[in-house]
Structure formats: C-alpha cells, structure tokens
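# A closer look at the structure
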Amino acid sequence: MCFGMKKGEAGAVFKTLPGPKIARLELGGVLNTPQEKIFIAAASEIRAFTKRGKQFLSFETNLTESIKAMHISGSDLFLSASYIYNHYCDCKDQHYYLSGDKINDVICLPVERLSRITPVLACQDRVLRVLQGSDVMYEIEVPGPPTVLALHNGNGGDSGEDLLFGTSDGKLGLIQITTSKPIHKWEIRNEKKRGGILCIDSFDIVGDGVKDLLVGRDDGMVEVYSFGNANEPVLRFDQMLSESVTSIQGGCVGKDSYDEIVVSTYSGWVTGLTTEPIHKESGPGEELKFNQEMQNKISSLRNELEHLQYKVLQERENYQQSSQSSKAKSAVPSFGINDKFTLNKDDASYSLILEVQTAIDNVLIQSDVPIDLLDVDKNSAVVSFSSCDSESNDNFLLATYRCQANTTRLELKIRSIEGQYGTLQAYVTPRIQPKTCQVRQYHIKPLSLHQRTHFIDHDRPMNTLTLTGQFSFAEVHSWVVFCLPEVPEKPPAGECVTFYFQNTFLDTQLESIYRKGEGVFKSDNISTISILKDVLSKEATKRKINLNISYEINEVSVQHTLKLIHPKLEYQLLLAKKVQLIDALKELQIHEGNMNFLIPEYRCILEEADHLQEEYKKQPAHLERLYGMITDLFIDKFKFKGTNVKTKVPLLLEILDSYDQNALISFFDAA
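Residues numbered from 1 in each chain as written. Predicted model: local features only at pLDDT ≥ 70, side-chain atom pairs only at ≥ 80, totals over all residues. Heavy atoms only, no water.

Looking at an unreviewed UniProt entry, the chain carries the name Bardet-Biedl syndrome 7, with the source organism given as Macaca fascicularis.

Next comes the structure, spelled out in structure tokens:
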C-alpha cells in the first residue's frame, strides 16, 4: 500500500490486491539514480512496482523455503530464506550458499563505491558471514544474535565499508568490512535492558549536517543517536510506543520544512514523530492561528475515530448475523501472535514476550517443570496463581495474567532450574468475539541456562563425558538440540561439529564435539556432565540405541566451581542480612530523630533501603537456587564415585547456613 500526504491528511496513492504475507519491502532502481522502484518479497516470489503502482516484474524464485530477507542493488538481487542465500543478477541465478544456522538479514556493501560485490549475512549463531561469490571470505563474531544490518549513513560511511548491526538482545555496533579482515569501530551495550533491535535508519533529524542513527526496538522504544564531534553515537532522544517497531525511516512527510521519523508497528499502525515545535513562540495573532490549526487537527482526528468506531460496530453486527445463520460454518476468528522466548545473559532468566494484533484479555501460563516467575517493571497485568497438584498430573505452575484494556504486548520473566526439563505453555486469549484462545509451547531444556559462545578457557580443570555407539550424526545432533538452547535444528555441514557454551548463572563452560558414532562433552562443572549423562542415556534408551558411556572426573573442578559460586552466594547472604536490618534501623531512626549516631555501614543501609528491598524482591528463591546448585554438586561428585551421600545433605545445609568458604571446601573434601 502506498500513501501520500496532502494538507496533513494521509491518502492512498495505490494498493495491490491481497495475496500471500509480504515478508520484505525494499526500494531499488538503477545505481546512482533515485531509488523509486518498489520491490516486495512474498512466499518465494519477488514482485516490483513503479511509484504509481504499475507492476513491472514478477519473479518466481522456486525456493523451497519462504523468503525472509532481501536486498536490492541495481540489477543485483540478494535473497535469504531460513538457511539458504541466493544472489541473482537480472533474475538469473549467480551464487548460492547454505548457512549452518538461520539467516536473519542480508545486505551488500555499496557496489557503486567499491566496485566489488560483498554480501554479508546476519546469522542466528552470533556471526556475520562475509561472502565472495558462493564462499565465505571470513566470519565476524558479534555480541548477540544479529537481527538487522544497515549501511552506515545509508551508503557505507566514509570508506563505503562501514556496516551497522543490531542484535536480538538490544546491542548495536559498527564494523568496517575490509577485503581481508573486519575492524570493530564501536559497540553500544544494552545497559538500560531495552528490547531487541528490529530496524535501523540513518537520517539527519537533529539538523546539524551529520546523519543520526534511528533505531526501533521490539519493546516499542524509538531511539535517536547523534554523532556530533565524537565517532561514537550518543543517545539524544527516545520515545516509547505500545507495540514493537517493525520499520523506521527519516524524511519530510507530513509538513514542509519539518523532518519526521516515520515508524510502523506490529499491528499495522504507521506513526510519525515530528521536529515541528508543539508550542510556538510568536505574537498573539500567530498564537491564535496556531491554536486554530491544532483545534482543526484534533477535530478531524475525532471524526476519523468516530467513523472507525461506527465501521467496527457495523462489521461486528454483520459477523454476528453471518455466524448465527443456519448456513454458517463455525467461524473461529484467527489472530497472529508474535512471540519470543530468549535467555538473558545478565540475570540468567528467560524473557517470554507475547504480542497480539489486537488487545489481550488474559494469558494463562502452565508449566510441567518447576520454574519461578520474576517481576517485570513494564508489566501492568494483574497476576493470580492457582494451586497445583504436581504429584498426580505434573503441574508445577498455573498463573493467569489479566491485562488492562488496550494491552497488546505482555512480557514475562522466568527462571528455570538446570536438570529439570519439560514444556511451558501459554494460552493467549484476546478481546475478540467469539472468545478464542491460541496455545504456544516453549521447551525448557535440560541445560536451559547455557548460552552459545565463541570461545572457552581451555586452561580450566575439565570433566569429560564420552559416548560411543551405533548412532548417526543426525541422531547425536538431535540429542544435543534436545539438551541445549541455541543449537540449529538442522545438522551442520561436515562430518564433525564443535559447539561451545557458557552457563549464564555460574559462568561455567561446556565444550561439545561430536560426529557419527562418537560424542565428547567437557565441562568444568560436574553437575553439567551429570545432567548430560542422565538425559543422553535416557534418549538413547528411548530409541533402543546401545550407548557406551565413559567419564573422567577432575577432582580440582569441584573446588573451582565452588569458587565461582562463592561471590554470588556471599552477595546474596549479605543482601538478606541487610534487608533483615532495615526495619530495626528505621525504628531506631524514628526514635532518635536522626541517623548521626549510626555507624557509616548502617547509615548506608538506611539510605539504600528502597533499592535493597527492590533487589531482594526481584530475586525470589535466589539463595535457595544457589544452595540447590551446591547440593547437586555435592551429590554429583560422589555419584560418579558410586557413593550415595544424600544422608549427608542436612549436614551440608547446616554448613551453608553459617557459610564459610573454607569450611565448605573442607566438607566437600572430607565427605
């Protein structure tokens, strides 16, 4: 659909007939001329239109997967489906590449400036792959799964080689893609814990002659970064919208001489943020004229709203009549859900984001594994818990979130326990008639707190688990997919594969190397090896595969893991102590009238009381979680020796209550 603005009103220039869902829309044209041709990708077909709406191209790519990303450069067309990349020139196949993990975006460095074709793929495994023809020239590791790529300043910056990337965990960076190696220019960490980045544009909205960076995130945040004198961007403006921002562009749209940021959101709204001043400084006559303009604008918006409400009522009546007539088939309204279930590295919790194209009435969360629901500041829904009978029907959690009117997006935070695996289900009911519900399922994996990483420390004391047997490469890969997050569903190319993981809660690590008939897993945490041993032998037994399991246990690794847990445990114990003191100190302060008589440490606790209590509230069961990990470590250490030490657990808990690191290590050694 193409809109034009006349006297501040949006009017349709043209629209196409409905068809398959449009995955991408890009502008193209002859190089070095205005890019005025409109290209769209729907299913496996590319169609192109002139700016007046006349179709001049229909190209069926015959790809087996739907097109997910597209980039146009002159007569070159770069496409990617989930795992496949294709390059076409004048609709003729040129190059092809099969990626080891999902491709989220594709771009090409500006051919008109560099006189070479350099496509770049953003892949889910935290890697940008730089291609030459059908081969990978080199790979660039980035700090999160990249979701979007854009040319810096819209043209590749000063060198023509500068590429911006945004990640699903909200990080933003700039890399120079030279012919031989990448040069990392800058990176912005997501300190404010905002949403993942979905779209980027470069446009001088501040009006200082330097293009600014416009960023749209999946939590509805729109940001403007300026460069000014520094080479690194600085956040200048931000604006929160109620839905995820699917596209962002800068330009002059609604009113001459005032630039705007135009954004589209998940449910189909197109919104403009303007640089036009809302309060004009002027003489009385001007003021009156301005007020009149605003009044006219408001009344026209009111009329539009009333018209829309009337149309909705009419359609609702038509729907009721048609669904109640004797010839009517059961008409269940369908609705789309945009969902995301990801592990946050910062606090080792999962974020479940549910977004619906219409207002959500309620969401029921059910889990067959023990999980904790954590508080989310942005969440205004009212939560109520139902009692569960985990003994008879494997129900560990039943919680209902009742949403306020017009809530289309709900964010939940969940913390799982490693070794406990199963399914989390979300039953989403929107405010539509008749009442309809959709169920989404999310797998909580045995090693759910592990995240893919590019490097591990090979000098740590490692425990090794080795599997051999009559299993294929695809079978052992499916077991790894079952156990660990962030592993591609399809087995990677080649005969042997290596994956590295890091535990986001404890910072322990895991190395997995496997091929047909053999799998080797190494970790500095015995509990990780123990979980893998139990789950893999269970999976192999299900498929009637005979496994030979051998393991090498490194005694030093237990002490090493306890030392990694120590700072976290000490911090939580201290936090709990401080929170216990707050009430007594407040009483003293009221009694004495001031805090001057208190020692600095106690004064500090009183000053930070709100912050401490908030942090304590945000981390329910954090201490129990750490106690559980130490207990598992103790049991697993002796399990590999063939000793059952469950009777000694109460003794261990006593030591933890009066925690001392050396006493704990001595207990582990002596038991």
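Here we take up unusual backbone geometry. Although it is not a glycine, C91 sits at a positive phi angle of roughly 65°. Positionally, C91 belongs in the loop between strand 9 (84-89) and strand 10 (92-98). Accessibility expressed as a relative area gives 35% for C91, which makes it partly exposed. One non-glycine residue, S115, adopts positive backbone phi at about 50°. Counting through the fold element by element, S115 comes out in the loop between helix 1 (111-114) and strand 12 (119-123). (Helix = DSSP H or I, 4+ residues; strand = E, 2+ residues; numbered from the N terminus. Buried < 20%, exposed > 50% of the residue type's maximum accessible area, 1.4 Å probe, protein only.)

With domains assigned, the chain is organised as domain 1 (2-191), domain 2 (196-275), domain 3 (337-444), domain 4 (450-553) and domain 5 (556-670). Between domain 2 and domain 5, the C-alpha centre-to-centre distance is 45 Å. (Domains from an automatic or database assignment.)

Pairs of aromatic rings are described using the distance from one ring centre to the other and the angle between the two planes. One pass over the full model with this rule turns up 14 aromatic pairs. Arranged with centres 4.7 Å apart and planes meeting at 15°, the rings of F341 and Y350 form a pair that is stacked. Centroid distance F341 to Y442: 5.2 Å. Interplanar angle 35°. Geometry classified as tilted. With a gap of 101 residues between them, F341 in strand 26 (residues 337-344) and Y442 in strand 34 (residues 438-444) connect regions that are remote in the sequence. Of the residues examined, Y442 reaches a relative accessible area of 7% and is grouped as buried. (Phe/Tyr/Trp six-rings, centres within 6.5 Å; stacked < 30°, edge-to-face > 60°.)

As a general point, the strands of a sheet are linked pairwise by backbone hydrogen bonds and lie either parallel or antiparallel. Here we have 3 strands laid out as an open sheet, ordered 23-24-25, and antiparallel in their pairing. The open sheet terminates on both sides in strands that have one partner only, identified here as strand 23 (245-255) and strand 25 (270-274). Averaged over all adjacent pairs, the angle separating strand axes in this sheet is 30°, with direction ignored. Bridge count between strand 24 (residues 258-265) and strand 25: 5 bridges; the pairing is antiparallel. (Pairing = 2+ DSSP bridges. Axes fitted to C-alpha atoms, helices over the stretch in contact; angles between N-to-C directions.)

Bringing the pattern of salt bridges into the picture now. Summed over all chains, the structure comprises 31 salt bridges. We note a salt bridge from E187 to R189, for which the minimum N-O separation is 2.8 Å. Exposure remark for E187: the relative accessible area of 30% places this residue in the partly exposed category. Linking D218 and R409 is a salt bridge whose minimum nitrogen-to-oxygen distance equals 3.8 Å. Remark: R409 occurs in strand 32 (residues 409-416) and D218 occurs in the loop between strand 20 (212-217) and strand 21 (221-226); sequence separation between them is 191 residues. For R409, a relative accessible area of 14% puts it in the buried group. (Salt bridge = Lys/Arg side-chain N within 4 Å of Asp/Glu carboxyl O.)

Attention now moves to the pairing of strand 1 (residues 2-6). In summary, the side chains of a regular strand alternate between the two faces of the sheet. Pairing of strand 1 with strand 2 (residues 9-14) involves 5 bridges; the strand directions are antiparallel. Residue C2 lies in a different strand from strand 2, and its bridge partner there is F14. Remark: 2 residues form the turn of the hairpin made by strand 1 and strand 2, two consecutive strands paired antiparallel; K7 in that turn has positive phi of roughly 50°.

Below, the discussion takes up the sheet that holds strand 7 (residues 69-73). In space, the 4 strands of this open sheet follow the order 7-8-9-10, with antiparallel pairing throughout. Both edges of this open sheet fall to strand 7 and strand 10, since each of them pairs with a single strand only. Within the sheet, the average angular offset between the axes of one strand and its neighbour, ignoring direction, is 15°. Taken together, the 6 bridges between strand 9 and strand 10 define a ladder with antiparallel strand orientation. For Y88, the partnering residue across the bridge sits in strand 10 and is D93.

Turning our attention to the side chain of Q451. Looking at the element boundaries, Q451 is found in strand 35 (residues 450-453). Assessed through its relative accessible area of 6%, Q451 is described here as buried. Not counting residues up to four positions away in its chain, the partners in contact with Q451 are R126, L343, K345, E486, Y500, F501, Q502 and T504. (Contact = heavy atoms within 4.5 Å.)

Next up on the list: a nonpolar patch on the surface. On the surface, M1, F3 and V270 cluster together into a nonpolar patch covering about 340 Å² of accessible area. Relative to the assigned elements, V270 resides in strand 25. Here V270 falls in the exposed class, since its relative accessible area comes to 53%. (Patch = residues over 30% accessible without salt bridge, like charges linked within 9 Å, V, L, I, M, F, W, Y side chains within 5 Å. Areas by Shrake-Rupley, 256 points an atom, 1.4 Å probe, with all protein chains shown as cover.)

Bringing the packing of helix 6 (residues 556-592) against helix 11 (residues 661-670) into the picture now. In the contact formed by helix 6 and helix 11, the axes pass within 11 Å of each other and the chain directions differ by 155°. Put simply, helix 6 runs roughly antiparallel to helix 11. The two elements helix 6 and helix 11 meet at a crossing, and its hand is right-handed. For the pair formed by helix 6 and helix 11, the contact residues are V558, Q559, L562, K563 and H566 on the first element and Q661, L664, I665 and F668 on the second. (Parallel < 35°, antiparallel > 145°, perpendicular 65-115°, else oblique. Left-handed = near helix turned anticlockwise from the far one by under 90°.)

Its location among the elements puts L163 in strand 16 (residues 162-167). Residue classification places L163 among the buried positions, given a relative accessible area of 1%. Remark: the alpha-carbon pair of L163 and T274, spanning 111 residues in sequence, is separated by 27 Å. With sequence-adjacent residues up to four places away left out, L163 is seen in contact with I107, V120, L128, L149, A150, L151, G173, L174, I175 and I177.

Of all the positions in helix 10 (residues 649-657), only V649, L652, I655 and L656 are classed as buried. Around the axis of helix 10, the buried residues are gathered within 115° of arc, so they sit on the same side. Facing away from the buried side of helix 10, by more than 90 degrees, are the exposed residues E654 and D657. Buried-residue contacts for helix 10 involve helix 6, helix 9 (622-639) and helix 11. (Arc of directions from axis to C-beta.)

In this model, helix 9 (18 residues) spans 25 Å end to end at C-alpha, consistent with the 26 Å of a helix rising 1.5 Å per residue. Burial of helix 9 is extensive: 14 of the 18 residues sit out of reach of the surface. (Expected span 1.5 Å × (residues − 1).)

For N395, the position within the fold is in the loop between helix 3 (390-393) and strand 31 (397-402). Residue classification places N395 among the buried positions, given a relative accessible area of 13%. Through-space distance from the C-alpha of N395 to that of V369 is 7.3 Å; in sequence the pair is 26 residues apart. A polar atom in the side chain of N395 sits 2.7 Å from the side chain of Q366. (Polar contact = N/O pair within 3.5 Å; in protein donor to acceptor, adjacent residues only side chain to side chain.)

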